[in-house]
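Residues per chain, in single letters:
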Amino acid sequence: FVREGVLDYDLERLVSFTDKAKASGKKPGTDLIEFRKVTAAEVDPQITKQLRVSAEAVLFYLERIRLADGRPVIFERRYIIAAHCPSLTKADAKGSLYAAWTTKCRLQITGAEETIRAVNATAAQAKHLQVRRGTACFHIAATGFISGEQPLWHEETLYRADVYEFRNRIGGLGAAMGRLSL
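Residues numbered from 1 in each chain as written. Predicted model: local features only at pLDDT ≥ 70, side-chain atom pairs only at ≥ 80, totals over all residues. Heavy atoms only, no water.

1. Things to note about the sheet that holds strand E3 (residues 58-68)
Strand order in the open sheet formed by six strands is E2-E3-E4-E7-E6-E5, and the pairing between neighbours is antiparallel. Sheet topology places strand E2 (28-39) and strand E5 (109-120) at the edges, where each strand pairs with a single neighbour. Neighbour to neighbour, the strand axes of the sheet diverge by 15° on average, direction disregarded. Two elements, strand E6 (residues 136-146) and strand E7 (residues 150-160), share ten bridges in a ladder whose sense is antiparallel. Opposite threonine 143, over in E7, you have histidine 154 as the bridge partner. Sheet contacts for helix H4 (residues 97-104): E3, strand E4 (71-81), E5 and E7; angle to E4, the most-contacted strand, approximately 40°. (Pairing = 2+ DSSP bridges. Helix = DSSP H or I, 4+ residues; strand = E, 2+ residues; numbered from the N terminus. Axes fitted to C-alpha atoms, helices over the stretch in contact; angles between N-to-C directions. Contact = heavy atoms within 4.5 Å.)

If you want it as structure tokens, here you go:
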């Protein structure tokens, strides 16, 4: 098959999907499947550990499909610590969360820790992305931070591998490698 219109994912810095899509000449969109508040006690303990919250903490839960020119390209499940952005609304969740966080909520996003792996889409994921079950995808688990190392969100995101290309610049070998003898 021929890959057309690849969306670039720069691993060196955080950029919103909305900005990435526009930069690629695509019209960004969002299908909001779910937006609700939950307590951390209702969430997988691994997620609350990543967010460093107590069982009583209130979180926003979002499930979204991100669209490029009307085509589903990302399926996202995200938990956000509500105390950091209590004014976040369903309308905000239909657009760029980064824009809502930085302008409306006046948060300074300082980075994220991401783990990327290759997966095959499950039947449910494939339905959301409008691909066949078993289609190759990139799975990204990420925790995002504000004010240094304070968690704001945790997400599990599925990117269509036929649409996305990940890019990173890697530096040279460090001084420690120079000391190794062959």
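2. Here's the deal with the side chain of arginine 64
Take arginine 64: it is sitting in strand E3. Take arginine 64: its relative accessible area is 1%, and that puts it in the buried class. A distance of 2.8 Å separates a polar side-chain atom of arginine 64 from the backbone oxygen of alanine 93. Setting aside anything within four residues of it in sequence, one finds arginine 64 in contact with Thr30, Asp31, Leu32, Ile33, Ile74, Phe75, Glu76, Arg78, Ala93, Gly95 and Leu97. (Buried < 20%, exposed > 50% of the residue type's maximum accessible area, 1.4 Å probe, protein only. Polar contact = N/O pair within 3.5 Å; in protein donor to acceptor, adjacent residues only side chain to side chain.)

3. Topic: the pattern of salt bridges
Applying the stated criterion across every chain yields a total of eight salt bridges. The residue arginine 36 makes a salt bridge to glutamate 34 at a minimum N-O spacing of 2.2 Å. Through salt bridges that share partners, Arg64, Glu76, Arg78 and Glu155 make up one connected network. (Salt bridge = Lys/Arg side-chain N within 4 Å of Asp/Glu carboxyl O.)

4. Focus: the pairing of E6
Among the eleven residues of E6, nine are classified as buried, and the element is accordingly described as predominantly covered. Relative to E6, E5 runs antiparallel, the two sharing eleven bridges. Pairing of isoleucine 116 across the sheet is with isoleucine 140, part of E6. Turn length for the E6-E7 hairpin, with the two strands adjacent in sequence and antiparallel, is three residues, and the turn residue serine 147 shows positive phi of about 40°.

5. Describing the packing of aromatic side chains
By the definition in use, this model includes five aromatic pairs. When the centroid spacing of 5.8 Å and the interplanar angle of 50° are considered together, the rings of tyrosine 98 and tryptophan 153 count as tilted. Taken together, the residues span a long stretch of sequence, with tyrosine 98 in helix H4 and tryptophan 153 in strand E7 at a distance of 55 residues. Note on tyrosine 98: relative accessible area 18%, which makes it buried. Between tryptophan 101 and tryptophan 153, the ring centres sit 4.9 Å apart and the planes meet at 20°, which makes this aromatic pair stacked. Here tryptophan 153 lies in strand E7 and tryptophan 101 lies in helix H4, a separation of 52 residues in the sequence. Given a relative accessible area of 0%, tryptophan 153 falls into the buried group. Taken together through their ring pairs, the aromatic side chains of Tyr98, Trp101 and Trp153 make up a single cluster. (Phe/Tyr/Trp six-rings, centres within 6.5 Å; stacked < 30°, edge-to-face > 60°.)

6. Concerning the side chain of serine 96
Mapped onto the secondary structure, serine 96 falls in the loop between helix H3 (90-93) and H4. Overall, serine 96 belongs to the buried group, its relative accessible area being 16%. Reaching out from serine 96, the side chain makes a polar contact with the backbone nitrogen of alanine 99 at a distance of 3.1 Å.

7. Re H4
Of all the positions in H4, only Leu97, Tyr98, Ala100 and Trp101 are classed as buried. Down the axis of H4, the smallest arc covering the buried residues is 165°, so these residues share one side. At its buried positions, H4 is contacted by E3, E4, H3, E5 and E7. Residue serine 96 occupies the N-cap position of H4, its side-chain oxygen lying 3.5 Å from the main-chain nitrogen of tyrosine 98. The positive-phi residue at the C-terminal boundary of H4 is arginine 106, with phi of around 55°. (Arc of directions from axis to C-beta.)

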